[in-house]
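# Commentary on secondary and tertiary structure
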Amino acid sequence: MWTNEAHGLFFQEIWGSDNGLFFAVDVKQGILHWIYAVYNSILTIVSNIILVRALYASPKVYINRIWMVLLGSLIPWAAHIIAIAGFAPYDMDLIPFALSFTALIIFWALYKYQFFKAPPLAFKTIFQNISEGVIIYDQNKHMIAINISAKAYLNTLQIQNFQNLVELGKEVKDLPELLDQRTGHIILSNQTNNIFFEVSFKVYNNEHKTSNYFFLNIRNITEQKIAEIRIKANEQKLQSFNMSLLRSEKMLTSIAFATKELLSNREFTFATQKAITLLGDGAGVDRAYLFEGFKSEDGDYFISQRFEWSANGVPPEINNPNLQNIPLQIFGQDVFSKFLKNMFFYSIVAKIEEDTLREFLQFQGIKTILIIPVFVGKEFWGLVGFDDCSEEREWSEAETALLISFADSISNAVERKKLEESLRASMEQAREASTAKSEFLANMSHEIRTPLNGVIGFTDLLSKTKLSKEQKEYSNAIMQSGKLLLNLINDILDFSKIEAGKLELSLLSCNINDIANESLKVISPTADQKNLNLVLSVDPQVPEFVIADVMRVKQILINLLSNAAKFTSEGEIELKITLINQGKLTNKSRIEFAVKDTGIGISEEKKQVIFEAFAQEDNSTTRKYGGTGLGLTICNKLLKLMESRLSVESELNKGSVFSFELELENSWQSNELEKIAGSQQQVQVEAPSRTIKKKAIKILLVDDNSVNMLLAKTIVKNLIPNTKILEAKNGLEAVEQFKAYNPSLIFMDIQMPEMSGYEATAIIRALEQGKESRVPIIALTAGTVKGEFEKCLAIGMDSYLSKPVLIEDIENVLDKYLDLSDKKPIQRKQVLSRYEEFREADPDFFKELLEVSQKNLNKLQSELTLYLIENNLERLKQTGHALKGLGLNLDLPNLTTLATNVEKVTELGEEATEKVASLNQEINFILENIDKELNQLS
């Protein structure tokens, strides 16, 4: 505007005019005037828009201030609009008047609302009173502001140098790293008062980005930190409780299984080892063990380790000689007294004051030890202990109580073992006494019977000579007395045989009607003397022929009929035979035999007494009717052998009914067994003799089982007496024997230690390369796996025999692969099974076979238990295979099946233990029968 005279762009013309009231200056606006007007209008509009937006966005406390500013800006703008529109009176410029009015409004607002005083006060009030500490530093890192909270927090943290950010970083260790990162936070604390602060850092740039401001915020997080600590502590407690609960649950489960094993398994050694293993693993310890104690003559207590389990990586101490015959007082007098009072001992080894004990335990790598005494009754028996070798462990009361309960289970098992041993010894003594008694009676009966037979025989001869009447009476009296005495001795002999377990049934085909009629004939003289009616009632449905022990059935019937005739003075005696049940599928009939009389009867209280040996209803019966009182006892024992028993129904002075039931196999005809026996007579079989045309025969037998070796060797020797037998226990020995002797034929087992039959065959075939001859190799194995035959042929074997092999099998192989001549007839019996082949063919060899089998079974059974305890799966499976071969050779299907189950075990555990236990039970059963068989052969 000041240069307008030169360019005339702002005002084109300026002149004065009189409007009637006053003299006024009038102008004609130029282009710059209008640009200036538009620019001012835009600024005013933008400012007003900003103020309107602030009106809606600002807190209520600032609303009136904004209204005053908005009003002050609108008044001059409104005056300007009026002037532009041409509504100004007298063409006056209203803007100066509007600016004056605006000045008055703003001045009033300054006074009224304290424009320049209230906001700083508000900022200061807020800044100083917020709970967070705030420190502001300028671009040179000098402090320009700090609030009260920050001062208090820094004082609590005992920080003095905070005026400069660099100096503060030197005093606060982690602050420089925070300053470098420019984000994040650090935690500071006063360890004395357990007060925690969170320090955060932020950089703010001004709008021109020419300088930075640094803000440090300090927040008191003590309550939060304490809450976190409490939550963490509670979580740890909860975790510890859960771990303790899980550990207790695992221990409880282990104790349950261990207790079950101790109470159910009669093998104390095996059961105790398994129980210690279960509990050691379940308790999560490094070593668990059981010591057995004893008391010396001087009254001192000693203990020796008997059982132990150790975790992986923990060396076992079961073979440590220093753990045998340890004086119990090594634990010190206090602990020794605790043990004798049935109190447990727990300690961290490093804290044990007794030097000898501490060093003794530390030498074994033990860090924590828990030992619980075991009492049987009121007597100290031993100790069960648990070691931790990796950490110092705290045992809870609940865990200790569970382990004490396990010690009680061991006590019960030991007590049961002692009771069983005592009972077994008592039973053995009783059995020996009973056997001795029975043998004495049998021997005495035989000794008496021999001269008695002479007395009766010569009396009978004497009665047939010319005798006077008086002499005949004397002779008849001698004969009757002799026969009575002979019957008595026969009863005693039968009773003693049954008691000694030496009476066996002889089953033959028989006619039931014949048995009944012959039995009645025996008592018919007595019945005739007493005028008693004898009645035979046979059910038409009863089969005519059955398989039974004729003599023993007749003996029972005659005894019952004789008693009926003895105790019946008038009336009748009935023998009734009835069909109870006819088995269509089993071809067996259940038949009842009943003897009914009208004699003196038996009182209710005496019904059980009459079945006891040497007993009758009362002494008066013996005096009146005579007898030994053995008859019914013998009948009942004979019926027990036939899986039956006597029943009695009686009413005093009215009569009795004695009955029994027998399940008998039906027979086609009376001479059935004779036909069968005829079919089994010795027959002449033409077999080739064993004269060798070429060189002497050498046969190599390869088998790790001594029983299998004996069988094969004996069969070959019987077939070719002059052959040379070579023996090898494994593949390695077989190869060496082949190299040394070049055998004519090899019988090769498959599974053997050190080298299998497959490997040995492959080596032998490799050694034969380039040679003209090839030795026949015959697989001789218990394996029955599918494809094994093909594998044997593929590896180079010539044939395959599956155990048990018969004489005929080996004979066929010898005929096929060896050049033999000079046939001669050999005696051979037809037999009904493979097992019987050896019994019938060669009793001496059969006895030797049983003895070797007995020895081998005992050895393999011991190995079976040992490998299970040692957790040696491979050796356990090998032992199962060996037992399977033994079972096949001896024709023992149960042993073969159970041994196969053990051979197929893939992992050790409860299932494997149960399979081994079943196999052990079968082995025990077989050994008992071998003993009986050997006794019979002797």
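About the thresholds
- Residues numbered from 1 in each chain as written.
- Predicted model: local features only at pLDDT ≥ 70, side-chain atom pairs only at ≥ 80, totals over all residues.
- Heavy atoms only, no water.
- Buried < 20%, exposed > 50% of the residue type's maximum accessible area, 1.4 Å probe, protein only.
- Helix = DSSP H or I, 4+ residues; strand = E, 2+ residues; numbered from the N terminus.
- Arc of directions from axis to C-beta.
- Contact = heavy atoms within 4.5 Å.
- Core = buried A, V, L, I, M, F, W, Y, C linked by side-chain atoms within 4.5 Å.
- Patch = residues over 30% accessible without salt bridge, like charges linked within 9 Å, V, L, I, M, F, W, Y side chains within 5 Å.
- Areas by Shrake-Rupley, 256 points an atom, 1.4 Å probe, with all protein chains shown as cover.
- Salt bridge = Lys/Arg side-chain N within 4 Å of Asp/Glu carboxyl O.
- UniProt positions renumbered as here; feature names shortened; annotations may be inferred.
- Pairing = 2+ DSSP bridges.
- Axes fitted to C-alpha atoms, helices over the stretch in contact; angles between N-to-C directions.

### Structural notes on helix α12 (residues 355–363)
- Residues Leu357, Arg358 and Leu361 constitute the buried set of α12. The buried residues of α12 occupy one face: seen down the axis, they fall within an arc of 100 degrees. Turned more than 90 degrees away from the buried face of α12 sit Thr356 and Phe363, all of them exposed.
- Buried residues in α12 make contact with β12 (368–376).
- Positive phi shows up at Gly365, right after α12, with a value of about 75 degrees.

### So, the nonpolar core
- If you look at the biggest cluster of nonpolar residues, it comprises 55 residues, and the most contacted ones within it are Leu328, Phe331, Leu383, Val384, Phe386 and Phe406.
- If near-sequence neighbours (up to four positions away) are discounted, Leu328 is found in contact with Tyr301, Phe302, Ile303, Phe336, Phe339, Leu340, Phe380 and Leu383.
- Residues Ala548, Leu561, Val595 and Met642 belong to the second largest nonpolar core, which totals 39 residues.

### Points about a nonpolar patch on the surface
- Taken together, Leu9, Ile31, Leu32 and Ile35 make up a surface patch of nonpolar side chains, about 350 Å² in accessible area.
- Position of Leu9 relative to the elements: it lies in the loop between α1 (4–7) and β1 (11–18).

### Things to note about the UniProt feature "transmembrane region" (unreviewed entry) in the protein
- Under the feature "transmembrane region" (unreviewed entry), the UniProt entry names residues 31–56, 68–88 and 94–111.
- End C-alpha atoms of residues 31–56 are separated by 38 Å, and the span's content is 100% helix alongside 0% strand.
- Annotated as residues 68–88, this span is 86% helix and 0% strand, and its ends, taken at the C-alpha atoms, are 25 Å apart.

### Observations concerning the sheet that holds strand β11 (residues 345–348)
- Judged by pairing direction, the sheet is antiparallel, and its six strands sit side by side in the order β10-β9-β8-β13-β12-β11 without closing on themselves. The sheet terminates laterally at β10 (326–327) and β11, the two strands that pair on one side only.
- Here β12 pairs with strand β13 (residues 379–388) via nine bridges, running antiparallel. In the strand pairing of β13, Leu370 is matched with Phe386.
- Strand contacts of helix α10 (residues 268–283): β8 (287–295), β9 (301–310) and β13, with the helix running at about 65 degrees to β9, the strand carrying the most contacts.

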